[in-house]
Amino acid sequence: MSSVAVLGTGLMGAGMARSLLREGHQVTVWNRSTEKAKPLANDGATVADEAADAVAGADVVITMLFDTDAVAQTIEPVLPRFPDGAVWVQTSTVGIEGTDRLAAMARDAGVDFLDVPMLGTKAPAENGQLVVLAAGPTSLREKVQPVFDAIGTRTQWVSEQVGDASRLKLAVNAWIGVVVNGVAQSIALARGLGLDPQQFLDAVQGGALDAPYVQLKGKAMIDGDFTPSFELDGVIKDTDLIHAALGEAGVDATLATAVRDRLGVASDGGHGEEDMAAVVHAY
């Protein structure tokens, strides 16, 4: 089993740490707010006061922080503390430019780096059911695969080119944003037309247009339960990264712009720290 440092114990990082512990890995956790990391001690993790202490004995270092700046500010001072042979597994969604920036930092420090964004939210992270998207040298796969197996149901190695996994993550998250906004519009439309919006979910259930996310987020919208699984402001951050990627790829961004607009309206209405299902308020 590996010694793993998890830097960032928010909704995703905490769940990943618990999944690693269940599989017998030695886990040290760190968070900018130490109080947020302390509950993981009850699960068997070592809680470090400093990020440098967390990485000092690690075989694998996982970063799961909000954005590129948060990752860079955390990791840059501690790169010299990485043990020889330690692998930095960068799981935060930071986009194309952000991944290039972080990979360059690792290269300059002589640290092995993998680009590994995750598909899934709070519950899959807690239950070891994430989908692991990975890109980087084949030579590192054997070392990190037991870690990936602990946190995910499967690993999709996208390529050996660092950055390709993050490119794929943006394509997937673009779809997630469209689905959640489409469900929100239909829920609001059914309600506005005087129908019980549950009728919409019942109508599509089990058919070609159904998906687990449709039912999950639709029910949350109807019930008004916006307990965060993926915070709306996090979706805004990702949508901005998607918008930049669309521009780089030469792909029309009209739909992403509309998605970003509705998310922004909901956030401005005070729902930014709620689950992404709260975008229904924008409709």
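Bear in mind that the values here come from a model prediction, so they are computed numbers and not experimental data.

Rules of the game
Residues numbered from 1 in each chain as written. Predicted model: local features only at pLDDT ≥ 70, side-chain atom pairs only at ≥ 80, totals over all residues. Heavy atoms only, no water. Salt bridge = Lys/Arg side-chain N within 4 Å of Asp/Glu carboxyl O. Helix = DSSP H or I, 4+ residues; strand = E, 2+ residues; numbered from the N terminus. Pairing = 2+ DSSP bridges. Right-handed = clockwise from strand over helix to strand, strands pointing away. Expected span 1.5 Å × (residues − 1). Buried < 20%, exposed > 50% of the residue type's maximum accessible area, 1.4 Å probe, protein only. Contact = heavy atoms within 4.5 Å. Axes fitted to C-alpha atoms, helices over the stretch in contact; angles between N-to-C directions. Left-handed = near helix turned anticlockwise from the far one by under 90°. Nonpolar A, V, L, I, M, F, W, Y, C, P; charged D, E, K, R; others polar. Polar contact = N/O pair within 3.5 Å; in protein donor to acceptor, adjacent residues only side chain to side chain. Phe/Tyr/Trp six-rings, centres within 6.5 Å; stacked < 30°, edge-to-face > 60°. Core = buried A, V, L, I, M, F, W, Y, C linked by side-chain atoms within 4.5 Å.

Draft legend 1. Summary view of the pattern of salt bridges. Enumeration according to the criterion identifies ten salt bridges in this entry. In this structure, the salt-bridge partner of Glu35 is Lys38, at a minimum N-O distance of 2.9 Å. The shortest N-O distance in the salt bridge between Lys217 and Asp275 comes to 2.9 Å. Taken together, the positions of Lys217 in helix H10 (residues 212-223) and Asp275 in the segment after helix H12 (254-271) put the pair 58 residues apart, joining distant regions of the chain.

Draft legend 2. Broad picture of the pairing of strand E6 (residues 112-115). Bridge analysis of strand E5 (residues 87-90) against E6 gives four bridges, and the strand direction is parallel. Among the inter-strand pairings, Gln90 is bridged to a residue of E6, identified as Asp115. As a crossover connection, the stretch from E5 through helix H5 (residues 95-109) into E6 is right-handed.

Draft legend 3. Expanded view of helix H11 (residues 232-249). The terminal C-alpha atoms of H11, which comprises 18 residues, lie 25 Å apart, in line with the 26 Å expected from a rise of 1.5 Å per residue. Among the residues making up H11, those that are buried are Leu232, Gly234, Val235, Ile236, Lys237, Asp238, Thr239, Ile242, Ala245 and Leu246. Residues of H11 that are buried sit in contact with H5, helix H8 (164-192) and H12. Positive phi appears at Gly250, one or two residues downstream of H11, with a value of about 75°.

Draft legend 4. Structural view of the packing of H8 against H11. Contact pair H8 / H11: the axes reach a minimum separation of 9 Å and the direction vectors enclose 115°. For the element pair H8 and H11, the recorded crossing hand is left-handed. Residue-level contacts link Leu170, Asn173 and Ala174 of H8 to Asp238, Leu241, Ile242 and Ala245 of H11. Its residues placed into classes, the contact of H8 with H11 shows five nonpolar, one polar and one charged.

Draft legend 5. Here's a closer look at the pairing of strand E1 (residues 3-7). Of all five residues making up E1, five are buried, and the element is well covered by its neighbours. Here E1 shows two buried faces, one formed by Ser3, Ala5 and Leu7 and the other by Val4 and Val6. For E1 and strand E4 (residues 60-63), the ladder comprises four bridges, and the chain directions are parallel. Of the residues in E4, the one forming a bridge with Val4 is Val60.

Draft legend 6. How the structure looks around the side chain of Asn31. Residue position: Asn31 is located in the loop between strand E2 (26-30) and helix H2 (34-37). Side-chain polar atoms of Asn31 contact the backbone nitrogen of Thr9, separated by 2.9 Å.

Draft legend 7. Highlighting the packing of aromatic side chains. Taken as a whole and judged by the stated rule, the model has two aromatic pairs. Between the aromatic rings of Trp88 and Phe113, the centroid separation amounts to 4.9 Å while the plane-to-plane angle is 90°, which identifies the pairing as edge-to-face. Here Trp88, found in strand E5, pairs with Phe113, found in strand E6; they are 25 residues apart in sequence, far enough to count as distant. We classify Trp88 as buried; its relative accessible area is 0%.

Draft legend 8. Highlighting the nonpolar core. Grouped together as the largest cluster of nonpolar side chains are 32 residues, with contacts concentrated most on Leu20, Ile62, Met118 and Phe148. Elements that contribute at least two residues to this core include exactly E1, helix H1 (11-22), E2, E4, E5, strand E8 (130-135) and helix H7 (141-151). In terms of residue count, the dominant contributor to this core is H1 (six residues). Among the nonpolar cores identified, the runner-up in size contains 28 residues, and Ala5, Ala72, Leu79 and Ala106 belong to it.

That's the geometry; what it means functionally is another story.
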